[in-house]
Amino acid sequence: IAGVTVGAYLRTRDALHPAVFIGPMLLYQFVYRPWVLYARGELQEFFPNTGRLEYAAFIHLIGIAAFCGGIFPKRRELARDAALHRYFLSPEGEKALTRIAVIFAIIASAAYYLQVFGQGGFSGVYGRAKGYLAFSSGYLAEATGLAVPAAILLVFAWRRERWSLWRWVVVLAAISPVLLHAILGARRGPAFLSLGGLAFAWFLFRARRPRIVPVLLTVGVICFVVVFLFVNRPRIYIGSNKALSVTDAFAFLTPSETEAGDDYLVATGAITVSHETGRHGWGRNYLITFLIRPIPKQLWPTKYQDAHRFFFGNSPPSGAENYREILGWEPPAGSASGAFADLYREFALLFVLAAYLYGAFFNLLWRRARIQHGVWLVLFTLAAALSIYVPTQSVSAVFHRFLFAGIPTVILWKAVIPERRVPGSSVRAKRGSLTYASELPR
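Presented here is an overview of the structure given in this document. (Residues numbered from 1 in each chain as written. Predicted model: local features only at pLDDT ≥ 70, side-chain atom pairs only at ≥ 80, totals over all residues. Heavy atoms only, no water.)

Even without being a glycine, Ala186 presents a positive backbone phi close to 55 degrees. The exposure class assigned to Ala186 is buried, which follows from its relative accessible area of 0%. Phi is positive for Ala348, which is not a glycine, with a value near 55 degrees. Note on placement: Ala348 falls in the loop between helix H18 (339-347) and helix H19 (351-371). (Buried < 20%, exposed > 50% of the residue type's maximum accessible area, 1.4 Å probe, protein only. Helix = DSSP H or I, 4+ residues; strand = E, 2+ residues; numbered from the N terminus.)

Here the focus is the packing of helix H14 (residues 263-277) against H18. Taken N-terminus to C-terminus, the directions of H14 and H18 make an angle of 10 degrees; their axes are 9 Å apart at the nearest point. As judged from the angle between their axes, H14 and H18 are roughly parallel. Taking contact as the criterion, the partners of Ala267, Ala270, Ile271, Ser274 and His275 in H14 are, on H18, Ala341, Tyr344 and Arg345. (Axes fitted to C-alpha atoms, helices over the stretch in contact; angles between N-to-C directions. Parallel < 35°, antiparallel > 145°, perpendicular 65-115°, else oblique. Contact = heavy atoms within 4.5 Å.)

Summed over all chains, the structure comprises two cavities of 30 Å³ or more. Roughly 40 Å³ of volume is contained in the largest cavity. Lining the largest cavity are Ile1, Val4, Thr5, Ala19, Ile22, Gly23, Leu26, Phe67, Cys68 and Ile71. Listed by contribution, the elements that provide at least two residues to the lining of the largest cavity are helix H1 (2-12), helix H2 (18-39) and helix H4 (50-71). (1 Å grid on protein atoms, 1.4 Å probe; cavity = no way out; pocket = protein on both sides within 12 Å on 5 of 7 lines; lining within 4 Å. Points joined across faces, edges and corners; volume = space filled by probe spheres on them.)

Before going further, it helps to examine the side chain of Glu42. Following the sequence through the fold, Glu42 ends up in helix H3 (residues 42-46). Summary of buried charges: Glu42 has no salt-bridge partner, and the nearest side chain of opposite charge, Arg40, is 7.9 Å away. Ignoring sequence-local partners within four residues, the contact set of Glu42 consists of Leu37, Ser256, Glu257 and Thr258. (Lys, Arg positive; Asp, Glu negative; His and termini not counted. Salt bridge = Lys/Arg side-chain N within 4 Å of Asp/Glu carboxyl O.)

Of all hydrophobic cores here, the largest spans 112 residues; its most connected members are Phe67, Tyr358 and Phe362. Not counting residues up to four positions away in its chain, the partners in contact with Tyr358 are Phe67, Ala339, Val390, Val395, Val398 and Phe399. In terms of nonpolar packing, the next biggest core, distinct from the first, is built from five residues, Tyr112, Val116, Tyr126 and Leu133 among them. (Core = buried A, V, L, I, M, F, W, Y, C linked by side-chain atoms within 4.5 Å.)

There is a patch of nonpolar side chains on the surface, built from Leu27, Val31 and Trp35 and spanning about 300 Å² of accessible area. As for its position among the elements, Val31 is in helix H2. (Patch = residues over 30% accessible without salt bridge, like charges linked within 9 Å, V, L, I, M, F, W, Y side chains within 5 Å. Areas by Shrake-Rupley, 256 points an atom, 1.4 Å probe, with all protein chains shown as cover.)

By the definition in use, this model includes 28 aromatic pairs. Seen in terms of ring centroids, Phe21 and Phe200 are 4.7 Å apart; in terms of plane orientation they differ by 45 degrees. Their pairing is tilted. Here Phe21, found in helix H2, pairs with Phe200, found in helix H11 (residues 188-205); they are 179 residues apart in sequence, far enough to count as distant. Given the relative accessible area of 1%, Phe21 is considered buried. Note on Phe200: relative accessible area 5%, which makes it buried. For the ring pair Tyr55 and Tyr344, a centre distance of 6.1 Å and an interplane angle of 70 degrees mean the geometry is edge-to-face. Of this pair, Tyr55 sits in helix H4 while Tyr344 sits in helix H18, placing them 289 residues apart in sequence. Feature note: the residues Phe30, Phe67, Phe340, Tyr358, Phe361, Phe362, Phe399 and Phe402 constitute an aromatic cluster, connected by ring pairs. Positioned over the ring face of Phe252 is Arg33, at 4.2 Å from the centre of the ring. Looking at Arg188, its charged tip hangs above the ring of Phe230, at a distance of 4.5 Å from the centre. (Phe/Tyr/Trp six-rings, centres within 6.5 Å; stacked < 30°, edge-to-face > 60°. Lys NZ or Arg CZ within 6 Å of the ring centre and 35° of its normal.)

Written out as structure tokens, the structure is:
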């Protein structure tokens, strides 16, 4: 992981290459944290048979190696000069971009605030620890996520303007559905998604190439905020008089004990159960997520039961009922296993290929953003904001959010943004690097 992180930066000189900021998260989640827990005997309490720990570590090793191979920038892509065209976004195009952002923000805010005030207001929803919204529709729940591309598009549209206080107010108002839920509900994913989306957009759309130290420090601070919210979750709710603890956040980063909901324990358990039962999804769970899930439940109320029965018959898809039988414990509801355990549970050892393609997905978006600019810049920023889910959540957690926000963004961009490329004004990228749109002559 360290080699790919450093090598990607040295090859591209780009602090926003995805390997640069995903690599440290992988190092912490899959190297440092399990190492400390194992050294202190915590993992052995849940897995007395250390052979299971070794097998899970091996699966993570080959999965992460494949992911790093996919995310690493290829020499053949960078050794040749890349003919880059000046990217033009006219004043009319910038206004159209602002209108798209406003539409997204209105949809996200309406979906969020209608649900909040329909469930007793903020005190009714967030008057308890880990407050949540019981959305009547999955589309309403996902619609709040449009707040992130709304804020990204606003930063893009105003990238050449002088930023005043009111612009910051507008951007924060646009992203407020996700940001408020992250803070008041102490949610890890939405916290990184909202703060990371703003940070990556700011770095990417500025006139100067970002330096690696500010980028890594910013990502580090955001990750600490995520940890701070997580460890203080029992204390964060409206009406709470419990003092928040920064020391608990630092203690979490250097763990001395763990519990059944720990991400690495859940991942190890998922790998163990799938391996010992021999049950794998072979892509069927992903088909349910991406083909069946988008169908409104009002049209097909029993869609999940019918889909599971069609794809898996009467047996559970991944041996879920065997957790307690095999491990002697089971992870709490809502636990996540991370991308590599998720891919192994789905494809067995063929997950190595899937892990490689997963890494290549991030590298492809980065490369398209650097060469073609335009909507690819927005898509890459969105994927970068979702990168926290790589070590902590399933693959579908990334892609269903990316597709839900990315598809309408692309459709509206292509429909209303008048962009053009001028063939006579191409420039050459320096060998070994690609060029930001902001670095091209106007």
